[in-house]
Amino acid sequence: MHFISEQRLDDGVLEREFTLGEIPGILWTPGSASAPAPLILVGHPGGLHKMYPRLVARARHCAAEGFAAATIELPGSGDRPRSAAAEQARADLRRALAAGEPVDEIVDRLVLPLVEKAVPEWRALLDVLLALPEIGGPVGYSGGVIAIGLRLAVVEPRIAAALLFAGSFVPRTMFEEARQVTIPLQVLLQWDDEGNDRQLALDLFDAFGSEQKTLHANMGGHTGVPPFEGDAGNRFFARHLK
């Protein structure tokens, strides 16, 4: 990891941009931490610059509870090299949704390669971050793409709890993996999300194998998550990471 910039935000949070190999990312740490902080990995749908206002708001909310937060750019997003296959799959998905056609095969083409590339990168990020003196375990994962969070919850033993955003498609082939998830889960679902399959999200929640799983469903579209869910997320992670 190579830190390339840092700034102190007005609430004291230290924000540092970094590169992990060729992958850009951002690390936020609480300004008043006297001991190594638990870590939350902040998932997103891609595009660090585009998503920055929402990402920094989430990170600052985490820091207010004493958590460090970190994120990296997804494969094929932001300034990272594009995938022609992924771009074609996105176009095919938009067309199929508009026409009311089946999308399972297209979702497989779009999401499965992304998961296969992204999950090892998040795990490599964990290796580096947990070696920093200001960061300790345990670790949580918060956000989307939900299929990435699902895979991480199965394969990464350092993640102790996950807050998943049900706002993206999940390949049906990953439902068997969902049954292997055993860590505590909290799942956010926007009931009127125009770009998400509500029934698929409900079926996925049912499939998760965790004994402790909670579904928070709110009215509204994709970007209409109520502000109070940030507090609920902090309480969830405080229960399981502290």
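Criteria and cut-off values
- Residues numbered from 1 in each chain as written.
- Predicted model: local features only at pLDDT ≥ 70, side-chain atom pairs only at ≥ 80, totals over all residues.
- Heavy atoms only, no water.
- Helix = DSSP H or I, 4+ residues; strand = E, 2+ residues; numbered from the N terminus.
- Rg over C-alpha atoms; globule rule 2.2 N^0.38 Å.
- Buried < 20%, exposed > 50% of the residue type's maximum accessible area, 1.4 Å probe, protein only.
- Contact = heavy atoms within 4.5 Å.
- Areas by Shrake-Rupley, 256 points an atom, 1.4 Å probe, with all protein chains shown as cover.
- Lys, Arg positive; Asp, Glu negative; His and termini not counted.
- Charge placed at Lys NZ, Arg CZ, Asp CG, Glu CD.
- Salt bridge = Lys/Arg side-chain N within 4 Å of Asp/Glu carboxyl O.
- Pairing = 2+ DSSP bridges.
- Right-handed = clockwise from strand over helix to strand, strands pointing away.
- Axes fitted to C-alpha atoms, helices over the stretch in contact; angles between N-to-C directions.
- Parallel < 35°, antiparallel > 145°, perpendicular 65-115°, else oblique.
- Left-handed = near helix turned anticlockwise from the far one by under 90°.
- Nonpolar A, V, L, I, M, F, W, Y, C, P; charged D, E, K, R; others polar.
- Core = buried A, V, L, I, M, F, W, Y, C linked by side-chain atoms within 4.5 Å.
- Expected span 1.5 Å × (residues − 1).
- Arc of directions from axis to C-beta.
- Polar contact = N/O pair within 3.5 Å; in protein donor to acceptor, adjacent residues only side chain to side chain.

J.: Sorry, what's going on with the overall build of the chain here?
T.: Helix and strand counts for the chain come out as seven helices and nine strands. Taking 18 Å as the expected radius of gyration for a compact globule of 242 residues, we find that the chain reaches 17 Å, a close match to that expectation. When the backbone C-alpha atoms are referred to their principal axes, the chain occupies close to 55 × 40 × 30 Å. Across the 242 residues in the chain, those meeting the buried criterion constitute 50%. Partitioning the intrachain contacts of the chain with sequence separation of at least 6 by distance along the chain shows that 68% fall at a separation of at least 24. Surface exposure of the chain reaches about 11,100 Å², of which carbon and sulfur atoms provide 54%. Each charge class in the chain was averaged separately, 23 positive and 31 negative side chains, and the resulting centres sit 1 Å apart.

J.: How do you make sense of the pattern of salt bridges when you look at a structure like this?
T.: It is possible for side chains of opposite charge to pair when their charged atoms get near one another. Under the defined criterion, the tally for this structure stands at 17 salt bridges. Across the pair Arg95 and Glu101 runs a salt bridge, and its minimum N-O distance is 2.8 Å. Residues joined in a network through salt bridges with shared partners are Arg123, Asp127, Glu156 and Arg158.

J.: Please clarify how the pairing of strand S9 (residues 213–218) should be interpreted in this entry.
T.: A regular strand places its side chains on the two faces of the sheet in alternate fashion. Across six bridges, strand S8 (residues 185–190) lies against S9 in parallel orientation. When the bridges of S9 are listed, Leu189 appears paired with Ala217. Handedness of the crossover is the feature at issue here: the chain leaves S8, passes through helix H6 (residues 198–207), returns alongside S9, and the resulting connection is right-handed.

J.: Would you explain the packing of helix H3 (residues 104–129) against helix H4 (residues 146–155) in this entry?
T.: The relative placement of two packed helices is expressed as an angle between their axes plus a distance between the axes. Remark: H3 packs on H4, axes separated minimally by 9 Å, with the N-to-C direction vectors making an angle of 50 degrees. Taken together, the axis directions place H3 and H4 in an arrangement best described as oblique. The hand of the H3/H4 crossing is right-handed. Contact residues: H3 offers Val111, Leu114, Val115, Glu116, Ala118, Val119, Trp122 and Arg123, while H4 offers Ala147, Ile148, Arg151, Leu152 and Val155. Residues that form the contact of H3 with H4 fall into these classes: ten nonpolar, no polar and three charged.

J.: Help me out: how do you make sense of the environment of Ala161 in this one?
T.: Tracing the chain through its elements places Ala161 in strand S7 (residues 159–165). Setting aside its immediate chain neighbours within four residues, Ala161 contacts Val139, Gly140, Tyr141, Ile183, Pro184, Phe236, Phe237 and His240.

J.: Would you mind showing me how to read the nonpolar core here?
T.: It is characteristic of soluble globular proteins that their nonpolar side chains tend to be buried jointly. Residues Leu39, Leu41, Trp122, Ile148 and Phe208 are the most contacted members of the largest nonpolar core, which totals 59 residues. Top element by residues in this core is H3. It accounts for twelve residues. Trp28, Val56, Ala63 and Ala69 belong to the second-largest nonpolar core, a separate cluster that totals twelve residues.

J.: It is not clear to me how helix H2 (residues 84–99) should be interpreted in this structure. Could you clarify?
T.: Because each turn of an α-helix spans 3.6 residues, side chains separated by three or four positions in sequence point in the same direction. Taking 1.5 Å of rise per residue, 16 residues should cover 22 Å, and H2 covers 23 Å from first to last C-alpha, within 8% of that figure. Within the sequence span of H2, burial applies to Ala86, Ala89, Asp92, Leu93 and Ala96. The arc enclosing the buried residues of H2, seen along the axis, measures out at 120 degrees, which places them on a common side. Facing away from the buried side of H2 by over 90 degrees, the exposed positions are Ala84, Arg94 and Ala98. Contacts from the buried residues of H2 go to H3. Positive phi shows up at Gly100, right after H2, with a value of about 70 degrees.

J.: Where do I start with H6 in this structure?
T.: Three or more residues of H6 are buried, namely Leu200, Ala201, Leu204, Phe205 and Ala207. Seen along its axis, H6 keeps its buried residues to an arc of 160 degrees; they face one direction. The secondary structure elements touched by the buried residues of H6 are H4, helix H5 (175–178), S8 and S9. For H6, the N-terminal capping position is held by Asp197, with its side-chain oxygen 3.1 Å away from the main-chain nitrogen of Gln199.

J.: I'm lost on the sheet that holds strand S2 (residues 14–20) in this one. Help?
T.: Picture the strands of a sheet paired through backbone hydrogen bonds; they go either parallel or antiparallel. Taken together, nine strands build an open sheet; the order of strands is S1-S2-S3-S5-S4-S6-S7-S8-S9 and the sheet is mixed. Looking at strand neighbours, the two that pair on one side only are strand S1 (2–8) and S9, the edges of this open sheet. In this sheet, neighbouring strand axes are inclined to one another by 20 degrees on average, regardless of whether the strands run parallel or antiparallel. Pairing of S7 with S8, which is carried by four bridges, proceeds in the parallel orientation.

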